[in-house]
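Inside the fold
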Amino acid sequence: DAGAEIAAGPGRGTTVEFWLDAKNLDTPPLGNLPDTVLGLMTFPGDYDLRVKRSVPGDGYEVSRSELADALGDLESVANLSLARDFLKSQEDGLE
């Protein structure tokens, strides 16, 4: 089963949700999800991004603002490395 939904509204931002059957032959590999998420979260600007990833029985959720609060910023090489390690550990926990 696969699908997608987009919801938007004034004052609440935009939510993009999609789901897919990872066991379906037509589903491409996800690739390096931690680096992709980190890349999305480090674009400059005044915004928040929340990523919720789930698999049957497990999952994680992280936001740009939470990472920035924990690390101080998302610009220094040291903080980017810590953020990447954190995202990788969350993804590794799902396997």
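Here, the structure is the one placed above.
What comes next concerns the included structure. Please read these numbers as outputs of a predicted model, since none were measured by experiment.

With respect to the helices, strands and loops of the structure, Ser63 is situated in strand S4 (residues 58–63). Looking at Ser63, its side chain comes within polar contact range of the side chain of Ser65, at 3.1 Å.

Attention now goes to the environment of Glu5. By the secondary structure assignment, Glu5 is in strand S1 (residues 3–9). Glu5 gets classed as partly exposed once you look at its relative accessible area, which sits at 48%. Linking Glu5 and Glu17, residues twelve residues apart in sequence, is a C-alpha distance of 5.2 Å. Once residues lying within four places of it in the same chain are set aside, the contact partners of Glu5 are Thr15, Val16, Glu17 and Trp19.

For the structure shown, the criterion picks out zero aromatic pairs. Between Arg64 and the ring centre of Tyr47, over which it is positioned, the NZ or CZ distance is 4.0 Å.

So, about the pattern of salt bridges. Under the counting rule described, the total for this entry stands at five salt bridges. Note that Arg84 and Asp35 form a salt bridge whose closest N and O atoms lie 2.7 Å from each other. Placement of the pair is Arg84 in helix H3 (residues 77–92) and Asp35 in helix H1 (residues 33–41), with a sequence separation of 49 residues. What makes Arg84 partly exposed here is its relative accessible area of 37%. Since its relative accessible area comes to 32%, Asp35 is described here as partly exposed. The partner of Glu61 in a salt bridge is Arg50, with the nearest N and O atoms 3.4 Å apart. Placement of Glu61 in strand S4 and of Arg50 in strand S3 (residues 50–55) is noted, with a sequence separation of eleven residues between them. Classification of Glu61 as partly exposed rests on a relative accessible area of 41%.

What counts and how
Residues numbered from 1 in each chain as written. Predicted model: local features only at pLDDT ≥ 70, side-chain atom pairs only at ≥ 80, totals over all residues. Heavy atoms only, no water. Helix = DSSP H or I, 4+ residues; strand = E, 2+ residues; numbered from the N terminus. Polar contact = N/O pair within 3.5 Å; in protein donor to acceptor, adjacent residues only side chain to side chain. Buried < 20%, exposed > 50% of the residue type's maximum accessible area, 1.4 Å probe, protein only. Contact = heavy atoms within 4.5 Å. Phe/Tyr/Trp six-rings, centres within 6.5 Å; stacked < 30°, edge-to-face > 60°. Lys NZ or Arg CZ within 6 Å of the ring centre and 35° of its normal. Salt bridge = Lys/Arg side-chain N within 4 Å of Asp/Glu carboxyl O.

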